[in-house]
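Below, each chain spelled out in residue letters.
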Amino acid sequence: MGKVLVIGAGGVSTVAVKKMAMNADVFTDIMIATRTKEKADKIAEDIKAVNVQTRQVNADHVAELVALFNEFKPDLVVNLALPYQDLSIMDACLAYGVSYLDTANYEPLDEAKYQYSWQWAYKERFEQAGLTAILGCGFDPGVTGVFTAYADKHHFDEIQYLDIVDCNAGDHHKAFATNFNPEINIREITQRGKYYENGEWKETDPLSVHQPLNYPHVGPKESYLMYHEELESLVKNYPTIKRARFWMTFGQEYLTHLRVIQNIGMDRIDPILFNGVEIVPIQFLKAVLPNPGDLGENYTGETSIGCRIRGLKAGKEQTYYVYNNCSHEVAYKETGAQAVSYTTGVPAMIGAKLFMKGLWTKPGVWNVEEFDPDPFMKELNEQGLPWHELFNVDLEL
Ligand code: NDP
């Protein structure tokens, strides 16, 4: 049916490309373009069902990207590189005339500041060009927005309280490792906490608010309130929301390592001089930490991510919990990657598939909850991320 150009060749890209190849009726030609071509070649080696090509590209450079688009003529560009590349890739999409999808909002390299304003500013230009940009199409952001849209469409007249709960109850048997790009991960977790209540954003000290929450098939896990980017679009798109929060589980061992990393300055994102060379400590740390893409082999346990929602239906208060559990071992067996890459790569593929099929296309720049959730929910069940619903249970929050 069409040609897709995937930028980046990390854990998420590995899963998305393998899943695209399993949907060969939709994705007939794939190009993987990334900074280190060998990594793209490694993904391509396993793909038999569809035509795959690989290229080297520096996605910070618009002209390089446009040249690549002119060569391959993609129907969609799927950005699975880092958030720093979002704007240059969107610029290149506009310059060439192709639609866009990503899984994480833009951040400048020198400032960890998660907000959609930079990308939302492209709305008119995408609209005028008749191109679609789908933002944040991983799991969180991504499926959590689709879950909320589905709840709003089918189960509530008014969503009032939203708690997104993200539990990784897996064990990779390493003293310390991050489940996706360490630089992005550590920047995200060490920022101040933030949640939305009664029309205002309220800040908390990093990871200072926490409580145990029970996760299906997992049990109780200490869960920490932190800011997560989908909160920004969800409270805008569902103005009846009175409070929106995001919770993530962390083990004590992880938090102790994180504290040491912060105390010794290894999480700094500003350049320092080392032996006459400028290095950014957090980027150096990334180079010595385990590669998230290689964690899969010994990873046991599962993730459990969902939305706990309270609101009104026909004038009555009700609660709703929609979630997916994903086993690291099953994800690894199917794609060679652990569940965090899997739960991000599969939704990216689904968003791309719905775009290709004409189900998720509309000119402009959109967050996932602004599209019809139904075909996406159906695909989740069919593509390895089945979801479950609980009605009128104690949400604990
Ligand atoms: P990785 O670090 O494993 O992969 C990133 C890839 O992008 C690497 O192949 C890297 O190249 C490439 N890349 C980086 N800079 C450039 C550049 N300038 N030009 C071209 N290629 C570049 O990350 P992940 O696969 O773990 O994550 C990918 C994305 O998914 C990230 O944006 C992350 O924030 C997002 N994510 C979203 C989640 C969600 O649920 N929404 C959850 C998890 C991740 P090289 O190999 O040379 O370093």
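Nothing here was measured: the structure is a model prediction, and the numbers come from that model. (Residues numbered from 1 in each chain as written. Predicted model: local features only at pLDDT ≥ 70, side-chain atom pairs only at ≥ 80, totals over all residues.)

**Points about the overall build of the protein**
Then comes step 1: Along its length, the protein carries 14 helices and 18 strands.
Then comes step 2: What you see for the protein is a C-alpha radius of gyration of 20 Å, in line with the 21 Å of a compact globule of 397 residues.
Then comes step 3: Overall size of the protein, expressed as C-alpha extent along the three principal axes, is 55 × 50 × 40 Å.
Then comes step 4: Buried positions account for 49% of the 397 residues belonging to the protein. (Helix = DSSP H or I, 4+ residues; strand = E, 2+ residues; numbered from the N terminus. Rg over C-alpha atoms; globule rule 2.2 N^0.38 Å. Buried ≥ 20, exposed ≤ 12 C-beta atoms within 10 Å, placed from the backbone.)

**Description of the nonpolar core**
Then comes step 1: Counting 114 residues, the largest nonpolar core has Val6, Ala16, Ile32, Val78 and Ala133 as its most contacted members.
Then comes step 2: For this core, the element with the highest residue contribution is helix H13 (residues 339-356), accounting for eleven residues.
Then comes step 3: Counting residues domain by domain, this core receives three or more from each of domain 1 (2-135) and domain 2 (143-336 + 383-391).
Then comes step 4: Not counting residues up to four positions away in its chain, the partners in contact with Ala16 are Val6, Val78, Leu80, Gly345, Ala348 and Met349. (Core = buried A, V, L, I, M, F, W, Y, C linked by C-beta atoms within 7 Å. Domains from an automatic or database assignment. Contact = placed C-beta atoms within 7 Å.)

**Regarding the pairing of strand E10 (residues 210-215)**
Then comes step 1: Two strands pair when backbone bridges link them, and E10 and strand E11 (residues 219-225) are joined in this way by six bridges, in the antiparallel orientation. When the bridges of E11 are listed, His210 appears paired with Tyr224.
Then comes step 2: Joining the antiparallel neighbours E10 and E11 is a turn of three residues, in which His217 adopts a positive phi near 65 degrees. (Pairing = 2+ DSSP bridges.)

**Here we look at the environment of Lys313**
Then comes step 1: Within the element layout of this structure, Lys313 appears in strand E15 (residues 302-313).
Then comes step 2: With 13 C-beta atoms packed within 10 Å, Lys313 lands in the partly exposed category.
Then comes step 3: Remark: the alpha-carbon pair of Lys313 and Asp157, spanning 156 residues in sequence, is separated by 5.1 Å.

**Brief notes about the sheet that holds strand E3 (residues 51-56)**
Then comes step 1: Read from one edge of the open sheet, seven strands run E3-E2-E1-E4-E5-E6-E17, paired in parallel fashion. Each of the sheet's edge strands pairs with one partner strand only, and the pair in question is E3 and strand E17 (364-367). The sheet shows a mean angle of 20 degrees between the axes of neighbouring strands, taken without regard to direction.
Then comes step 2: Of the pairings in the sheet, the one linking strand E1 (residues 2-7) to strand E2 (residues 27-34) comprises six bridges and is parallel in character. Note on E2: the bridge partner recorded for Lys3 is Asp29.
Then comes step 3: Sheet contacts for helix H1 (residues 11-21): E1, E2 and strand E4 (76-79); angle to E2, the most-contacted strand, approximately 160 degrees.
Then comes step 4: On the sheet, helix H4 (residues 86-96) packs against E1, E4, strand E5 (99-102) and strand E6 (132-135) and is oriented at approximately 165 degrees with respect to E5. (Axes fitted to C-alpha atoms, helices over the stretch in contact; angles between N-to-C directions.)

**Considerations on the domain arrangement of the protein**
Then comes step 1: Looking at the protein, the domain boundaries give domain 1 (2-135) and domain 2 (143-336 + 383-391).
Then comes step 2: For domain 1 and domain 2, the distance between their C-alpha centroids amounts to 24 Å.

**A few points about the site of the ligand**
Then comes step 1: As a structural note, the neighbourhood of the ligand is formed by 32 residues, with Gly8, Gly10, Ala59, Gly138 and Phe180 the closest of them.
Then comes step 2: The leading source of residues in the shell around the ligand is H1, at three residues.
Then comes step 3: Residues that form the shell around the ligand fall into these classes: 14 nonpolar, 14 polar and four charged.
Then comes step 4: Shared between two domains, the shell around the ligand takes at least three residues from each, and those domains are domain 1 (2-135) and domain 2 (143-336 + 383-391). (Near = placed C-beta within 6 Å. Nonpolar A, V, L, I, M, F, W, Y, C, P; charged D, E, K, R; others polar.)

**Points about helix H3 (residues 62-72)**
Then comes step 1: Buried residues of H3: Leu65, Leu68 and Phe69, and no others. Buried residues of H3, viewed axially, fall in a sector of 100 degrees; they line one side. Residues of H3 that are exposed and point over 90 degrees away from its buried face: Ala63 and Asn70.
Then comes step 2: Those residues of H3 hidden inside the fold are in contact with E1, E2, E3 and H4.
Then comes step 3: Of the residues flanking the end of H3, it is Lys73, one or two places downstream, whose phi is positive at about 55 degrees. (Arc of directions from axis to C-beta.)

**Observations regarding the confidence of the model for the protein**
Then comes step 1: Per-residue pLDDT for the protein averages 96, and the proportion of residues at 70 or more is 100%.
Then comes step 2: Mean pLDDT across the elements of the protein ranges from a minimum in helix H8 (residues 182-190), with 88, to a maximum in E5, with 99. (pLDDT = per-residue confidence, 0-100.)

**Observations regarding the packing of H13 against helix H14 (residues 373-382)**
Then comes step 1: For the pair H13 and H14, interaxial distance at closest approach is 10 Å and the crossing angle is 130 degrees. As summarised for this structure, H13 and H14 are arranged oblique, according to the angle between their axes. Read as a crossing pair, H13 and H14 show a hand that is right-handed. Seen from H13, the contacting residues are Ile350, Lys353 and Leu354; seen from H14, they are Pro375, Phe376, Glu379 and Leu380.
Then comes step 2: Along the lines of polarity and charge, the residues of the contact of H13 with H14 split into five nonpolar, no polar and two charged. (Parallel < 35°, antiparallel > 145°, perpendicular 65-115°, else oblique. Left-handed = near helix turned anticlockwise from the far one by under 90°.)

**Thoughts on the packing of H8 against helix H11 (residues 281-288)**
Then comes step 1: It is at 9 Å that the axes of H8 and H11 come closest, and there the two elements cross at 125 degrees. Taken together, H8 and H11 sit at an angle that is classed as oblique. Like other packed secondary-structure pairs, H8 and H11 cross with a definite hand, here right-handed. Here Pro182, Glu183 and Ile186 of H8 lie close against H11, whose contacting residues are Ile282, Gln283, Leu285 and Lys286.
Then comes step 2: For the contact of H8 with H11, the class distribution of residues is four nonpolar, one polar and two charged.

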